[in-house]
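What the coordinates show
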Amino acid sequence: MLVTSRSYAEYEAMFDLRELPDSVLDCCAGGASFTAEAAARGVDAIAADPAYELEPSELVDTVRRSLPATAGIVDEHQGSFVWHWYGSPERKDQYRIEAADRFLQDVSVAPERYIAAGLPELPFGDRRFDLVLCSHLLFTWADKYDRDWHLAALRELIRVSNAEVRIFPLVLQGAGEPVAFLPEILDELDGITWETRKVPYEFQVGANEMLVITRA
Ligand SMILES: C[S@@+](CC[C@H](N)C(=O)[O-])C[C@H]1O[C@@H](n2cnc3c(N)ncnc32)[C@H](O)[C@@H]1O
C-alpha cells in the first residue's frame, strides 16, 4: 500500500472541513500534511499510521516513492478520474510534493504528533478526539482488508472519537467500484447514527461523498 501525501487543501475538500474542533486524529495519516497544518492552527492534532515504525530515512524514501507510484495508478485507470478539482496532473503533483515536504519537516521537528499504530487497535483512550478523519484506507482498500477487518476498524475509530468520524472515499481504489459490504456493516454498529454527505471534491469518478458517523 502506498504511503501517500495528501495536502491540507485536499483534506479540507474531501471532508468538507470548515472549522476544526479542539482535537483531531488523522488515521491513517501516511505522508499527509493535514496534522502539521492543523497543529499550526492551534489544534491538538495527532497522526497515526503503521508506517511511522520505519526508520526516518526509510520513511522519507517510502513517502517520496509514493508520488510517482500514485501517478501510475491514475494512468492505468485514466477514464476513472476527473480533473475539475485539481485542474491538471501537474497541479495535483504540486499539492502532493508540497504536502510530502511539509509532513517530512513536521515529523522531524514534532515526532510526538506521529504515532506508529494500525487499525483495528489504536493506543488512544475512549473518546480521546473530537473528530477522527480517515482518508484512503477504509473501503478504498476493501480488496486488501475484508469485511470483518472493516467492522473492527470502524468500531475502533468510533471508540476513540468523542463526536464524529469522517471517512473518504467510499469506493474501491483504481476504477472506483462500490464496496458491496458497506451498507450492511454500518447496520451492525451500535450507539451511532450515520449518513453519507456530498463533499466539494471529486477525483475518482463519482467518489464525491464522505461517510459521517456521529456518536450518541
Ligand atoms: C493511501 S495511504 C493514505 C495516506 C493519507 N491519509 C492520504 O490521504 O494521503 C494509506 C495509508 O494507510 C496506512 N495503513 C495501512 N494499513 C493500516 C492500518 N491497519 N491502520 C492504519 N493505517 C494503515 C498506510 O501505511 C498508508 O500510509
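For the structure itself, look to the data block above.
A few points on the structure. Computed from a prediction, not measured in an experiment: that's the story for all the values here. (Residues numbered from 1 in each chain as written. Predicted model: local features only at pLDDT ≥ 70, side-chain atom pairs only at ≥ 80, totals over all residues. Heavy atoms only, no water.)

Let us look at the site of the ligand. Taken together, 21 residues lie near the ligand, and Cys28, Asp49, Leu119, Ser135 and Tyr145 sit nearest. A distance of 2.6 Å is found between an oxygen atom of the ligand and a side-chain nitrogen or oxygen belonging to Asp49. Tyr145 places a side-chain nitrogen or oxygen 2.8 Å from a nitrogen atom of the ligand. In isolation the ligand has 600 Å² of accessible area, and contact with the protein removes 94% of it. (Near = heavy atom within 4 Å. Polar contact = N/O pair within 3.5 Å; in protein donor to acceptor, adjacent residues only side chain to side chain. Areas by Shrake-Rupley, 256 points an atom, 1.4 Å probe, with all protein chains shown as cover.)

One pass over the full model with this rule turns up 18 aromatic pairs. With a centroid separation of 4.6 Å and an interplanar angle of 50 degrees, the aromatic rings of Phe81 and Phe203 are classed as tilted. Within this pair, whereas Phe81 is found in the loop between α3 (56-76) and α4 (89-109), its partner Phe203 is found in the loop between β6 (192-198) and β7 (209-215), the two being separated by 122 residues in sequence. Seen from their ring centres, Trp85 and Tyr86 are 4.9 Å apart, and the 85 degrees between their planes marks the pair as edge-to-face. (Phe/Tyr/Trp six-rings, centres within 6.5 Å; stacked < 30°, edge-to-face > 60°. Helix = DSSP H or I, 4+ residues; strand = E, 2+ residues; numbered from the N terminus.)

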